[in-house]
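# Results of the structural survey
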Amino acid sequence: MFIDCEIDFEAIIDLFRSAENEGRDYLFEYEVYNLLASSGAETPPGANLLPRGARFSDEELTAMPGEKTVLKIVSPTIIHKTEVGGVRVVKKEAAKIRSAVRAMMYEVPENYAAMIERQPDHAPEQYRGLRGEALVQAVSRDLRGVLQVQFMPPDSDSFGNELIVGLRRTREFGTIISAGLGGTDTELYAERFRKGQAIVAASTEMVDGREFFKLFRNTISYKKLAGLTRGQRRIVTDEQLIECFDSFIEMGRRFSPSNPDAEFIIEELEINPFAFTEFLMVPLDGMCRFSKPQSMPVARPAQKIRNLLHPERIGIIGASSTRRNFGRIILENILAEGFSRENVVLIKEGEAELDGVRCVPSLEALDHKLDLFVVAIAAKHVPDLVDEIVRLDCAASVMLIPGGMGETEDSRERAEQVISRINEKHAQPGGGPVFLGANCMGVVSRPGNYDTWFIPEAKMPRKRSAAYQRSALISQSGAFMLHRASQCPELNPAYMVSMGNQTDLTLGDMVRYFKDSEEVDVIAIYAEGFNDLDGLEFCRAVRQAVLCGKEVVFYKAGRTPEGKTATSGHTASLAGDYMVCESCVQQAGAIVARTFQEFQDLFMLAEKLSGKCIAGNRLGAVSGAGFEAVGMADSIQSDDYDMELSAFRRETKTAIRAILAEKRLDALVTVQNPLDITPGADDLIHARVVQELIKAPEVDSIVVSLGPLSPVVHSLAEPTEPEFSMEDPESIANRIIAIAAESPKPLLGVVDGGRLFDPLRDRLMENGLPVFPVCDRAVAAIALYSKARLHADTIRLTHGCV
């Protein structure tokens, strides 16, 4: 059992230091038990190292309590001992112990060598290229002996009664904690069970033991351990689990790459499994790898992002006077957005002006410092130019449109030199310029009155006079951002920022800036990867944005599982890169999308519903078509969300029946949820039923299909028959727009019909009503959105921000 006491960090540091002095970056199993004893855990089972070649008396071999004893091979390379015969349970008799030890010293190297030859990609570095007897001998030489461990029989051998708990250092998110179904089949469980049921993970910097326990409660592991399944009894208390998680989290924070005072870094610490006997948590196996800390990255002067997004003076290099190259198109788009020509300067030798914009021959010829310098030259010239910009400190911010900063092998060494110069400048007073990119598409800043996209107006018509949304889209891929803007013009964010390869400014920097922006309520991010530890900084920025009342929508590309050959323990293969990213970002408070379509839908809902109240996850669903009613009911649950169909109160049902009776539809409609009001329901019926659901306290959100094909609904823009015109003052469009504007609850429309009804969709969207082409997509979107909003409200409440 874990007890509430302080962790003896000095004792743990001594363990690491002792191993380091022996040339090791890992602890042996018995040292891991000592670490647990110093971490606030109850004393682990008794253990006795039997070094290779040593002799022991009968009394020494049988000194441990119990009728049986456990023998485990001790090797720096063999992590999963069971698979190679490295774990045996024998009677506690001296002769049987000696016999088993001798057999293990010969059989384990043979078994492990055979495994390596079957799976050479899993071979430790020192064994690669070896085969046959040479491999067996190499493995044998590394054996340190056998660990004799006290046998403590578990309360139950049933499935699910073993627990894995681990810490792992990740490049992007620092130290993470994971827990779930333990034992030798733990990876199989993670693969076969639904997401979040076998294993959960979190950043040690973003949760405490109690918060992580809330995640763990959703797993099958907890249900088994807590006796919540048939035939099971509780074998551990909630308090034990919370204290265990607290202990691991505190160790993770102390020995973390994000802790500048860390003496050592825990690369991986895993107990697999914890077994349970008489309400004691008993570690049956453990491994730990550690390293020395590295230097922390230099802080960037991120306050200069304001110069980037709201520049007063812009400079451009790379605009051609003879053709419409990228630089020339960028100049045209900056001016077309309304930025003053007098405040733009071109770096162009041999020209006095271009398109009415002043030219100077070089950076050194500038007579003022620029807020923003846009670089649109050939990639091969970028490193030298960046070096000059840093030396002259002639701009507060720099936008690198081309690559040339490490994307190819040829440019990598030079790019590293330049990046080093940028960081050196950041460490000096003033910090030098910040760089966006390289290899980025630039920025559209509607509040800053400029657009540096190099896409011509003919290919991408701009709605320059249209009101923009109070949102920002930050994308690592310029093309992703471009395609979303083209495909979903209704999104129309105030800012669109292409990050490129994050040579300097990162996703975390940008979210941290927008959390304080008075122009933005919604921040949407498309990410492909994070710089070292910037995933953690990104999550911290998301959390701060949520506490400031912002909504954050997130999509992570590149979700393939992490290669299992890169890890020695179970923890990394269970909590792979995408799972860690998704979990950490969700816990920070973001709305996480699973697909491009979902990202667009959630971004749109966040823009249109951020001012609405989400009181719960009870849905009211209305349609004039039976298939839609069934489709809505079928869409309320998935691995990622769990919406409820509201149970209508008697008063709500009575009011709806009265509305239907006025049109003689009451005999055709069973008042239930989802509500099928039949194709005979006209504009007024749709509108009044929705109004009743808005008034109903048992309903939190509403999805209504507007029946565009119904013969009694006004749904056409230019109909041949006037009774179908959506211009009618009493049309569904005019009615539902007014209702949505006044509704304190989220209201979503569905217009399931062909292109003939695009004008209806456009009218509704332009006036603030979220509209979907099919009902199941609408239900899934509001379910995910509601779940994330409720989680964000919980975060704010926990931190006293509500």
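Now for a description of the structure that goes with this document. As the structure is a computational prediction, the values presented were derived from the model and not from experiment.

## With respect to unusual backbone geometry
- A cis amide bond links Gly 437 to the next residue, Ala 438, at an omega of 0 degrees.
- Along the chain, the position of Ala 438 falls in the loop between β18 (434–436) and β19 (443–445).
- Of note, the amide linkage connecting Asn 673 to Pro 674 takes the cis form, showing an omega dihedral of 5 degrees.
- Positive phi, normally seen in glycine, also occurs at Glu 278, with a value near 50 degrees.
- Relative to the assigned elements, Glu 278 resides in the loop between β9 (265–277) and β10 (280–283).
- Overall, Glu 278 belongs to the exposed group, its relative accessible area being 66%.
- Look at Gln 502: it is not a glycine, yet its phi comes out positive at around 55 degrees.
- Examined against the element boundaries, Gln 502 turns out to sit in the loop between β22 (493–498) and α15 (507–514).

## Here's the deal with the sheet that holds strand β23 (residues 522–527)
- Spatially, seven strands are ordered β20-β19-β22-β21-β23-β24-β25 in an open sheet, and the strand pairing comes out mixed. Every other strand in the sheet has two partners, leaving β20 (450–451) and β25 (591–592) as the edge strands with one partner each.
- Sheet analysis places strand β21 (residues 469–475) next to β23, joined by five bridges and oriented parallel. When the bridges of β23 are listed, Ala 472 appears paired with Ile 523.

## With respect to the nonpolar core
- Core analysis: the largest hydrophobic core is formed by 153 residues, its most contacted members being Met 399, Met 510, Phe 514, Ile 525, Phe 554 and Leu 764.
- Here the element with the most residues in this core is helix α25 (residues 775–798); it accounts for 11 residues.
- The next biggest cluster of nonpolar side chains, apart from the first, holds 44 residues, and it includes Ala 226, Ile 266, Leu 269 and Phe 276.

## Here we look at the pattern of salt bridges
- Considering all chains together, one arrives at 49 salt bridges under this definition.
- Between Arg 421 and Asp 387 there is a salt bridge, with its nearest N and O atoms 3.4 Å apart. Note that Arg 421 is positioned in helix α13 (residues 409–426) and Asp 387 in helix α12 (residues 382–392), a separation of 34 residues in sequence.
- Its relative accessible area of 22% is what places Asp 387 among the partly exposed residues.
- Among the charged side chains, a network of salt bridges with common partners joins Glu 337, Arg 446, Asp 451, Glu 457, Arg 462 and Arg 464.

## Remarks on the packing of aromatic side chains
- Taken as a whole and assessed by the stated rule, the structure comprises 26 aromatic pairs.
- Between Phe 16 and Phe 264, the ring centres sit 5.6 Å apart and the planes meet at 55 degrees, which makes this aromatic pair tilted. A residue pair is termed long-range when its members are at least 10 positions apart, and Phe 16 in helix α1 (residues 9–21) and Phe 264 in the loop between α9 (238–254) and β9 qualify at 248 residues. A single burial state applies to Phe 16 and to Phe 264, both of which are buried.
- Between Tyr 513 and Phe 514, the aromatic rings sit 5.3 Å apart at their centres with planes inclined by 75 degrees, giving edge-to-face as the arrangement.
- You can call Phe 514 buried: its relative accessible area is 0%.
- Connected via pairs of aromatic rings, a cluster forms that spans Phe 480, Tyr 526, Tyr 555, Phe 596, Phe 599 and Phe 603.
- Seen from the ring of Phe 480, Arg 484 lies directly overhead, with NZ or CZ sitting 4.8 Å from the centre.

## Examining helix α20 (residues 626–634)
- Regarding α20, the residues found buried are Glu 628, Ala 629, Gly 631 and Met 632. The buried residues of α20 occupy an angular sector of 165 degrees when projected down its axis, which confines them to one face. Exposed side of α20, more than 90 degrees from the buried face: Phe 627, Val 630 and Asp 634 are the residues found there.
- The secondary structure elements touched by the buried residues of α20 are β26 (618–623), β28 (675–676), β29 (701–705), β30 (747–750) and α25.

## Side note on the state of the cysteines
- Overall, the coordinates contain zero disulfides when judged by the stated rule.
- Cys 440 carries a free sulfur, and the closest cysteine sulfur to it, the one in Cys 394, is 17 Å from it.
- Cys 539 provides the cysteine sulfur closest to Cys 581, a residue in no disulfide bond, and the two sulfurs are 7.0 Å apart.
- For Cys 581, a relative accessible area of 1% gives the class buried.

## Thoughts on the sheet that holds strand β14 (residues 353–354)
- Overall, mixed pairing links the seven strands, which are arranged β14-β15-β13-β12-β16-β17-β18 in an open sheet. Sheet topology places β14 and β18 at the edges, where each strand pairs with a single neighbour.
- Sheet analysis places β14 next to strand β15 (residues 357–360), joined by two bridges and oriented antiparallel. Within the sheet, the bridge partner assigned to Leu 354 lies in β15 and is Val 357.
- Helix α11 (residues 326–336) rests against β12 (314–317), β13 (344–347), β14, β15 and β16 (370–375) of the sheet, and its axis sits at about 175 degrees to β13.

## Side note on the packing of helix α19 (residues 596–609) against α25
- Relative to each other, α19 and α25 sit at 60 degrees, their axes nearing to 10 Å. Handedness of the α19/α25 crossing: right-handed. Across the interface between the two elements, Gln 597, Glu 598, Asp 601, Leu 602, Leu 605, Ala 606 and Leu 609 from α19 touch Arg 777, Ala 781, Ile 782, Leu 784, Tyr 785 and Arg 789 from α25.
- Among the residues making up the contact of α19 with α25, the classes are represented as eight nonpolar, one polar and four charged.

## Focus on the environment of Asp 683
- Among the secondary structure elements, Asp 683 is positioned in helix α22 (residues 683–695).
- Overall, the relative accessible area of 4% leaves Asp 683 in the buried class.
- Put simply, Asp 683 and Leu 392 are 291 residues apart on the chain and 66 Å apart in space, counted from C-alpha to C-alpha.
- Dropping the residues within four chain positions of it, Asp 683 is found in contact with Val 712, Val 713, His 714, Glu 730, Ser 731, Ile 732 and Arg 735.

## Here's the deal with α12
- Among all positions of α12, only Val 382, Pro 383, Leu 385, Val 386, Ile 389 and Val 390 are buried. Buried residues of α12 fall within an arc of 160 degrees about the axis and therefore sit on the same side.
- Looking one or two places after α12, you find Asp 393, whose phi comes out positive at around 50 degrees.

## Topic: the side chain of Thr 652
- In this structure, Thr 652 sits in helix α21 (residues 650–662).
- Residue class for Thr 652 comes out buried when judged on its relative accessible area of 4%.
- Ignoring any residue separated from it by four or fewer positions in sequence, one finds Thr 652 in contact with Leu 693, Ala 696 and Glu 698.

## Side note on the environment of Glu 628
- Inspection of the secondary structure assignment puts Glu 628 in helix α20.
- For Glu 628, a relative accessible area of 3% translates into the label buried.
- Through-space distance from the C-alpha of Glu 628 to that of Asp 676 is 8.3 Å; in sequence the pair is 48 residues apart.
- Not counting chain neighbours up to four residues away, the residues in contact with Glu 628 comprise Ser 623, Ser 705, Val 750, Asp 752 and Cys 775.

## Overview of the side chain of Asp 601
- Relative to the elements of secondary structure, Asp 601 occurs in helix α19.
- Those residues in contact with Asp 601, other than ones at most four positions away along the chain, are Phe 772, Arg 777 and Ala 781.

## Overview of the packing of α21 against α22
- The N-to-C vectors of α21 and α22 enclose an angle of 170 degrees; their axes lie 10 Å apart at closest approach. Accordingly, the angle class assigned to the pair α21 and α22 is roughly antiparallel. Every residue of α22 that contacts α21 at Thr 652, Ala 655, Ile 656, Ile 659, Leu 660 and Glu 662 is listed here: Ile 685, Arg 688, Val 689, Glu 692 and Leu 693.
- Across the contact of α21 with α22, the residue classes tally to seven nonpolar, one polar and three charged.

Conventions used here
- Residues numbered from 1 in each chain as written.
- Predicted model: local features only at pLDDT ≥ 70, side-chain atom pairs only at ≥ 80, totals over all residues.
- Heavy atoms only, no water.
- Helix = DSSP H or I, 4+ residues; strand = E, 2+ residues; numbered from the N terminus.
- Buried < 20%, exposed > 50% of the residue type's maximum accessible area, 1.4 Å probe, protein only.
- Pairing = 2+ DSSP bridges.
- Core = buried A, V, L, I, M, F, W, Y, C linked by side-chain atoms within 4.5 Å.
- Salt bridge = Lys/Arg side-chain N within 4 Å of Asp/Glu carboxyl O.
- Phe/Tyr/Trp six-rings, centres within 6.5 Å; stacked < 30°, edge-to-face > 60°.
- Lys NZ or Arg CZ within 6 Å of the ring centre and 35° of its normal.
- Arc of directions from axis to C-beta.
- Contact = heavy atoms within 4.5 Å.
- Disulfide = S-S within 2.5 Å.
- Axes fitted to C-alpha atoms, helices over the stretch in contact; angles between N-to-C directions.
- Left-handed = near helix turned anticlockwise from the far one by under 90°.
- Nonpolar A, V, L, I, M, F, W, Y, C, P; charged D, E, K, R; others polar.
- Parallel < 35°, antiparallel > 145°, perpendicular 65-115°, else oblique.

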